[in-house]
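# Reading the structure
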Amino acid sequence: SGTSKATGGSAATNAAAEGGAAGADEKAAGDKITIGSVIMNTSGEWFSEVMQGMNAAGEDLGVKVNIVSSDNEVSKESDNVSTFIAQGADALAICPLSADASVAAVEAAKEAGLPVIAWNCTVNTEVDGFVGVSNYDLGKLTGEYVAQYVKDNYPEGCKLAILGNHSYEVGVERCNGFKEAIANVPGLEVVAEQDAEMQDEGMDITEQIMTANPDVDIFWAWNQTSLLGCNAYMQNTGNKDIVIMGTDMSLELAKAMLGDDVKLQAITTQMPYDIGYNAIANAVKAYKKEEFEKNMLIELKTYVRDDTAELEKYVEDHKSLVE
Amino acid sequence: MKNIKIKDFVMKYIMYIVLVFMVITLTVANDKFLTLNNVMTILKQISIQSIVAIGMTMIIISGNIDLSVGSIVAFCSVIGAMLMASGVPVWIAIILVVLIGAVIGFISGGVTAKLKLHSFLVTLALMQAFRGLAQTITGGYPKAGLPDAFGGIAAKSVAGVPFLVLYMIVFYAVFVYIMKYTAFGRSIYAIGSNEESARLSGINVERVKTMVFVISSALCGVAAILLTSKVRSGDPTCANGWEMDAIAGAIIGGTNMAGGEGKLGGTVIGLLFVGILANGMVLLGVNAYMQSVIKGLVIFLAVIINSIQKRAHN
Amino acid sequence: MKNIKIKDFVMKYIMYIVLVFMVITLTVANDKFLTLNNVMTILKQISIQSIVAIGMTMIIISGNIDLSVGSIVAFCSVIGAMLMASGVPVWIAIILVVLIGAVIGFISGGVTAKLKLHSFLVTLALMQAFRGLAQTITGGYPKAGLPDAFGGIAAKSVAGVPFLVLYMIVFYAVFVYIMKYTAFGRSIYAIGSNEESARLSGINVERVKTMVFVISSALCGVAAILLTSKVRSGDPTCANGWEMDAIAGAIIGGTNMAGGEGKLGGTVIGLLFVGILANGMVLLGVNAYMQSVIKGLVIFLAVIINSIQKRAHN
Amino acid sequence: MTETILRAKGVSKRFGGTLALDQAELELRSGEVHALVGANGAGKSTLIKIITGAYSNDEGHIYLGDKEIHVKSTFEARKLGISAVYQEFSLINTLSVAENIYLGKLIRRQYGPIEKIQWQEIQNNAQKILDKLESDIKPEAIVGNLSVAQKQLVEIAKALSNDIKVLIMDEPTASLSDNDIENMFKVIKGLKEKGIGIIYVSHRLEELPIIADRISVFRDGRYIRTMDIEEAPKKVIIENMVGTSMVETKRKPCSTDEVLMEIKNFSSGTKFQNINFLLHKGEVLGIAGLAGAGRTELVRAIFGVDQKDSGEIFIHGKKTVIHSPADAKKAGIGFITEDRKEEGLILNMPLHTNLGMTILDKLKRIIGLDLKKEVRLMEEYIQSLKIKCRDSGQKAHNLSGGNQQKVVIAKWLATEPKILIMDEPTRGIDIGSKNQIYDLINQLAEQGMGIIMISSELPEVIQVSDRIMVLAQGKKTGELDNQEVTQDILLDYATRKQAV
Ligand SMILES: Nc1ncnc2c1ncn2[C@@H]1O[C@H](COP(=O)(O)OP(=O)(O)OP(=O)(O)O)[C@@H](O)[C@H]1O
Ligand SMILES: Nc1ncnc2c1ncn2[C@@H]1O[C@H](COP(=O)(O)OP(=O)(O)OP(=O)(O)O)[C@@H](O)[C@H]1O
Ligand SMILES: [Mg+2]
Ligand SMILES: [Mg+2]
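Quick notes on the rules
- Residues numbered from 1 in each chain as written.
- Chains lettered and ligands numbered in written order.
- Predicted model: local features only at pLDDT ≥ 70, side-chain atom pairs only at ≥ 80, totals over all residues.
- Heavy atoms only, no water.
- 1 Å grid on protein atoms, 1.4 Å probe; cavity = no way out; pocket = protein on both sides within 12 Å on 5 of 7 lines; lining within 4 Å.
- Points joined across faces, edges and corners; volume = space filled by probe spheres on them.
- Helix = DSSP H or I, 4+ residues; strand = E, 2+ residues; numbered from the N terminus.
- Nonpolar A, V, L, I, M, F, W, Y, C, P; charged D, E, K, R; others polar.
- Contact = heavy atoms within 4.5 Å.
- Pairing = 2+ DSSP bridges.
- Axes fitted to C-alpha atoms, helices over the stretch in contact; angles between N-to-C directions.
- Near = heavy atom within 4 Å.
- Polar contact = N/O pair within 3.5 Å; in protein donor to acceptor, adjacent residues only side chain to side chain.
- Domains from an automatic or database assignment.
- Donors = N, O, S within 2.8 Å, 3.2 Å for Na, K, Ca; no water.
- Buried < 20%, exposed > 50% of the residue type's maximum accessible area, 1.4 Å probe, protein only.
- Buried area = accessible area lost by both parts, 1.4 Å probe.
- Salt bridge = Lys/Arg side-chain N within 4 Å of Asp/Glu carboxyl O.
- Patch = residues over 30% accessible without salt bridge, like charges linked within 9 Å, V, L, I, M, F, W, Y side chains within 5 Å.
- Areas by Shrake-Rupley, 256 points an atom, 1.4 Å probe, with all protein chains shown as cover.
- Least-squares fit on C-alpha atoms with pLDDT ≥ 70 in both.

### What about empty space enclosed by the protein?
Taken as a whole, this structure holds eight cavities of 30 Å³ or more when the rule is applied. Its volume calculated, the second largest cavity comes out at about 190 Å³. Along its surface, the second largest cavity is lined by 15 residues, and C:Leu200, D:Arg78, D:Ala84, D:Tyr86 and D:Asn162 are the ones closest to its centre. Elements with a contribution of two residues or more to the lining of the second largest cavity: α2 (74-79), β6 (82-85) and α5 (148-160) of chain D. Taken together, the residues of the lining of the second largest cavity break down into five nonpolar, six polar and four charged.

Next up, the structure:
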């Protein structure tokens, strides 16, 4: 499949080369190394891309990757880990639902002798490696961009609305990062902050915020789906004045940034494919006791409307993911 | 005598009175609330769900329940988006999607009726299955790239009234008529009240039950089209939890969970109730956690008021 | 004659036979499946939910439903964690949490019984409210920092059998006894089957109904303690969707959604069924999206088999 | 010896607009069977429910012995020694017979803080009570699987299991066969000897001389008079009940030779085997048999309610396939079921809606339904069948038992069937209305309808039918012409084992 060349961050390709060479002689012939991988949930493009990265790593390295979803539920997460332990998986790659509530599950895996790679979110116990991003930074980077943007474009001050999240840590962290970055911008006023998760919710909440505050200048959305909703609302109403910023790029959003329908200004994104790929690759290395980067922070990237070249590259790279 | 009449009136229309009271409170609290714009916003926001809730109300009246509506909407939505993105003309795609909805209803309704199963479990299973299918066929990605014309179905409006609101009105008008003035509608009430009696009266219980599911799922297909047009993509995670919203709307509106009683008009009131509440809380900028608490408490209150009304009525 | 007996036997124990069949298939497909370790893993995994499912089964038999169990578990869990983190001794915290559960049940059950409301809506409202409350009091962050000793409640095991599995066995033994050998247990069946007749027979319907909710919610408190100990923190998002799992377990296990019929033993079978399925799919490395599809289809099948059995029985 | 144990004085009860009881009186002595008679809707059940605490009274006093009592629930009444067999069953379908009998008073033993229900003891005691009634119902049987008659017996057993001073029985024999009635009377006589007072409601006036000592008559919610049974022949009772004397119309046979329906080879498992019969135009075919003979099962199979193993139906000589009641209705058959509450009516709906259920296709217009016609038809039947109700919009639930039965009849007459099957059509119907229904059957037969009537009251079968088919244990044991039949002959056939 064309997936592995799609993103091809340098870390991923290197890992493939090394892992592929060393893979065979560790386990008895025919017995593949099994990596148990626990993800938060299966909804949304973001996790889909992570899974594709994981599967690609599995193929490249010749290991078996078992992916299972916790459906946002800590108890199920813990169950998934114990199933992998019972199964005799060789290493665990986990996206902890919560820094605290996932500790027990991670420790159980370690006690059973499984190397653990946490990815995407940290967990408050020692692990063999971390691959991911800082969610706080994910919010902060856009926040910093907003701060500059407001200084440049709204000398008279401006009004900003937040499509946020209060339900789980990832969201709360991002919002905090964003809010702290814009805290001291003169003239910037946060006029609304509401929770939105899915796309239609994002759309409805945007509409209601617009009703309550018709003079909003900027929207910021904490995740991809609510951002898509906000974007669709502006598209539907033909609103080209309100500036949209947010988190997590997608093909559709990249195209929208390139187009003229809406003023989608900036998106800070992670590289979910790389996160998935490296989580598995590092898990394999940890199992084989090879050297690897213990705290691998996958680069964050802020795409801006004016960088057409970057955006076009993104579209080019990701076309194949969506078939 | 006159006193009793006023009391009767209050009791009978208590839900409406509570609704009016809520509207007045919100109008006083926020000057944006009772603007034409915001009223239309609220109506628009309940419109798609309210079409799903028509089917749900009919199913509950017939003595069943359907937990799969949200998943069916999601499944139909991605199918529709994939069809359109791959070049199938919009109108053909729409018809196909509604047909697929109907076929799903034929399966769930047919199995429920023929094998005399409890629809709760049948549709719980289908809820899982169709959500998974929607994700499998899209690989988890929303399907975008729909024709521009298609977006207009949900986005346009005429004389200030959004199309979505018009669709809602038309569908309600049609189904209120069906429930009240057709043999089919009457049979639904009869079956929900006493299935055995209905069957022995020569009503084809199996067919009516199946038909109710077919209609409900076809309406999910319609809702899927509108939702897809509204968010301009077919998202496998969309319409999550709509079953609960639709059920809550129906029951707040006075439909009897045990079947046999209920009115579509009540369901709209129920949905409006929840919709206005949500809208009001956003306008007032209520803290996100508290929104959930307040919503719970107000529904709780509505339920209690509703019950007091019913008891006074008997 | 003998033939009929075999057929009867098959029909009566069909769910068990399907379960055995599933176990055999999985054993053949994966050599890790039928290891003591994995069997204990499965039992441990259903243990906490199964305690919630005891209460749910009783509530369904009594002719009601409780959608708020998941939220109550979450609420109790964060309360318990906060108490312990702030230095309250473990045992006092445990007792308090179970008491708080009981009080919540007293509210939902009391309102349902006194005002003759449908529990669906009452508990739907409470589900919203308590989830929101759990999030409000924690600010969305899980509460950690529990005493080390507390973790042992869920994590320890004796002679290879996890404590969690023992708790499950004890609770089931007690409640199977209650349902069969106490007047209270029998009243639950009578009320669920025909409330009016039960009342005429001198059963205090209101009290029994309320008590069932009290017990169910107190069991949610127990489950909250175990869950908190298992994940070593009080997470406001935990136990999400447990109501559906518990209901599905009960109904797959043969409890009648309409009330009056059901056995706790069946509920365990139902939960095992789902638990083994989930475990097997992970062992076999089934695609994450397809897991949901397969789970749906297998439940669908189980329901159909169950119904065929029931029909053959009459 | 004949002291008064229960007295009701000036009891009134109003339901919304209807005055169900108006200054009612009743005086029950110990050791007597006191019959309560009155037309449907006279207020008998209401009075009973007030005495047992199921309803509260608006006015009046109830005395137990010479103490006034104010019972608020049936439970309290039971503790005072007042037990009742209600007209509507109060059994729990999903539970066993034994548990139903002891519901609310399950025998328990306490082991420290732990109680344990003594199932074996309950089972044994239930068996003893059932033995007294000479019934073969198993204590472990599930009540939902019993026939109406069997449920009635369980209901009686349930009342007998209490420690009673006063036993109230509301139409206990309405669905019982003669055999069971005899056994029940034996039990009642035993209770009398123990000094227990029994209030006994029945529309079967012919059984009163056998069992009752005194009789009180009610009319339109008012107490009329109390008589010793010796001074109250049937004629006098009826005069007091309806306010005038009544003439019984004798049936004019109008049967023709034209075959309306032929049933061939009907079999279904153990329920019935190889049943064949003809039904002619204008004929009334009675089906007699003991309880459990399979009569209900047979007609249910004909009407397509239940599956059958084999059998063909010919209507007007043409083979007709009937898989469901809907098919049967299309073929011109109507079916008045035995159990009006569970199978006949939708209790929470207005009378006219109940009527409309069978004739939805007739109410259809080009668009919509003719709901005015529905109401009009119902009102016509309220007139012609003398249904006692407020209006056609009243809920079926609020009608007295007998009047509910008339609504069921109305809803099938409205379909204008060619063939009408009636399963115990006069169950719970007062004597005046019974005669109306007999007249109605005559009229319908004269108009050319073919009627199949099942009845457990042998005199009724004989009075109404042209021809009588007898079933015994699922087999057809005889087919008799009306002229040659007496009750004894019918009973003889009903106990045969050999099919004809
Ligand atoms: N719950 C109720 N609500 C309204 N009206 C009622 C109710 N119960 C009884 N009635 C009315 O009260 C009157 C007396 O009814 P009741 O049941 O006592 O008659 P009955 O003498 O037992 O008749 P039957 O012989 O038919 O059983 C009837 O007119 C009936 O319609
Ligand atoms: N639902 C049922 N399940 C099992 N057995 C049943 C059921 N209904 C009836 N029976 C049994 O079938 C037999 C025939 O029933 P039933 O008494 O209704 O016959 P019948 O001739 O119509 O008598 P009647 O009309 O006098 O009650 C009885 O032995 C009864 O116990
Ligand atoms: Mg009566
Ligand atoms: Mg019968």
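Moving on from the model shown.
### Details of the arrangement of the chains
Ranking the five pairs of chains in contact by contact count places chains B and C at the top. No part of chain A reaches chain D; the closest C-alpha pair between them is 35 Å apart.

### So, the sheet that holds strand β14 (residues 272-280) of chain D
Residues and elements named next belong to chain D. An order of β14-β13-β16-β17 is seen for the four strands of this open sheet, with the pairing classed as antiparallel. In this open sheet, the two edge strands, each paired with only one partner strand, are β14 and β17 (318-320). Geometrically, the sheet is characterised by an average inter-axis angle of 20 degrees between neighbouring strands, direction not taken into account. Seen against the sheet, helix α9 (residues 295-302) touches β13 (259-268), β14 and β16 (310-315) and runs at an angle of roughly 65 degrees to β14.

### Points about the site of ligand 1
All names here are of chain D. Taken together, 21 residues surround ligand 1, and among them Asn40, Gly41, Ser45, Thr46 and His203 come closest. For ligand 1, an oxygen atom lies 2.7 Å from a polar atom in the side chain of histidine 203. One nitrogen or oxygen atom from the side chain of serine 400 is found 2.9 Å from an oxygen atom belonging to ligand 1. Among the elements that line the shell around ligand 1, the one with the most residues is helix α1 (residues 44-51), at three residues. For the shell around ligand 1, the per-class residue count stands at six nonpolar, 12 polar and three charged. Counting contributing residues, the shell around ligand 1 receives three or more from each of domain 1 (4-242) and domain 2 (259-494).

### Details of the site of ligand 2
All names here are of chain D. Around ligand 2 sit 14 residues in total, of which Gln150, Gly294, Arg295, Thr296 and Glu297 are the nearest. Within the backbone of asparagine 145, one N or O atom sits 3.3 Å away from a nitrogen atom of ligand 2. Taking serine 147, its side chain carries an N or O atom lying 3.3 Å from an oxygen atom of ligand 2. Tallying contributions element by element places α9 first for the shell around ligand 2, with three residues. A breakdown of the residues in the shell around ligand 2 according to their chemical character gives three nonpolar, seven polar and four charged. Per-domain counts for the shell around ligand 2 show at least three residues from each of domain 1 (4-242) and domain 2 (259-494).

### Focus: the coordination of the magnesium ion (ligand 4)
Geometry sets the ideal angles at a metal, namely 109.5 degrees for four tetrahedral donors and 90 or 180 degrees for six octahedral donors. All names here are of chain D. Coordination of the magnesium ion (ligand 4) by the protein comes from Thr296 (OG1) and Glu338 (OE), over a distance range of 1.8 to 2.5 Å. Taken as a pair, threonine 296 in helix α9 and glutamate 338 in the loop between β18 (333-336) and α11 (340-344) lie far apart in primary sequence, 42 residues in all. For the pair threonine 296 and glutamate 338, one class covers both residues: buried.

### Points about the interface of chain D and chain B
Contacts between the two partners involve 28 residues from chain D, matched on the other side by 21 residues from chain B. In total, about 1,900 Å² of surface goes out of reach between chain D and chain B, with carbon and sulfur atoms giving 58% of it. When the buried surface of chain D facing chain B is broken down by residue, D:Met357, D:Leu360 and D:Leu369 rank first, second and third, together holding 23% of it. Summed over the shared surface of chain D and chain B, the number is one salt bridge.

### So, a nonpolar patch on the surface
Taken together, the side chains of B:Ile92, B:Ile95, B:Leu96 and B:Leu99 present a nonpolar region at the surface, about 360 Å² in accessible area. With respect to the helices and strands, B:Ile95 occurs in helix α5 (residues 90-114).

### So, the domain arrangement of chain D
Residues and elements named next belong to chain D. Taken domain by domain, chain D holds domain 1 (4-242) and domain 2 (259-494). If you average the C-alpha positions of domain 1 and of domain 2, the two centres end up 29 Å apart. Taken together, the contact pairs 23 residues of domain 1 with 21 residues of domain 2. Counting each side, the surface lost to burial between domain 1 and domain 2 is near 1,900 Å², with a carbon and sulfur contribution of 52%. Counting every contact that joins domain 1 to domain 2 gives one salt bridge.

### A word on the sheet that holds strand β5 (residues 129-132) of chain A
Residues and elements named next belong to chain A. Taken in spatial order, the six strands line up as β2-β1-β3-β4-β5-β11 in an open sheet, and their pairing is parallel. A strand with exactly one partner marks an edge of an open sheet, and here the two such strands are β2 (64-69) and β11 (295-297). Between one strand and the next, the sheet's axes are offset by a mean angle of 15 degrees, whatever the strand orientation. With six bridges joining them, strand β1 (residues 34-39) and β2 adopt parallel strand pairing. Residue pairing for β2: glycine 36 is matched across the bridge by asparagine 66. This element, helix α4 (residues 74-87), spans β1, β2 and β3 (91-94) of the sheet and lies at about 175 degrees to β1.

### Let's talk about the relation of the copies chain C and chain B
Turning chain C through 180 degrees and shifting it by 0.1 Å along the axis lays it on chain B, with an RMSD of 0.1 Å. Taken together, the turn and the small shift mark the pair as related by a two-fold rotation axis. Among all residues of chain C, the one whose C-alpha sits closest to the rotation axis is C:Ala258, at a distance of 4.5 Å. A share of 97% of the interface residues of chain C reappears at the interface of chain B, consistent with the copies meeting face to face through the same patch.

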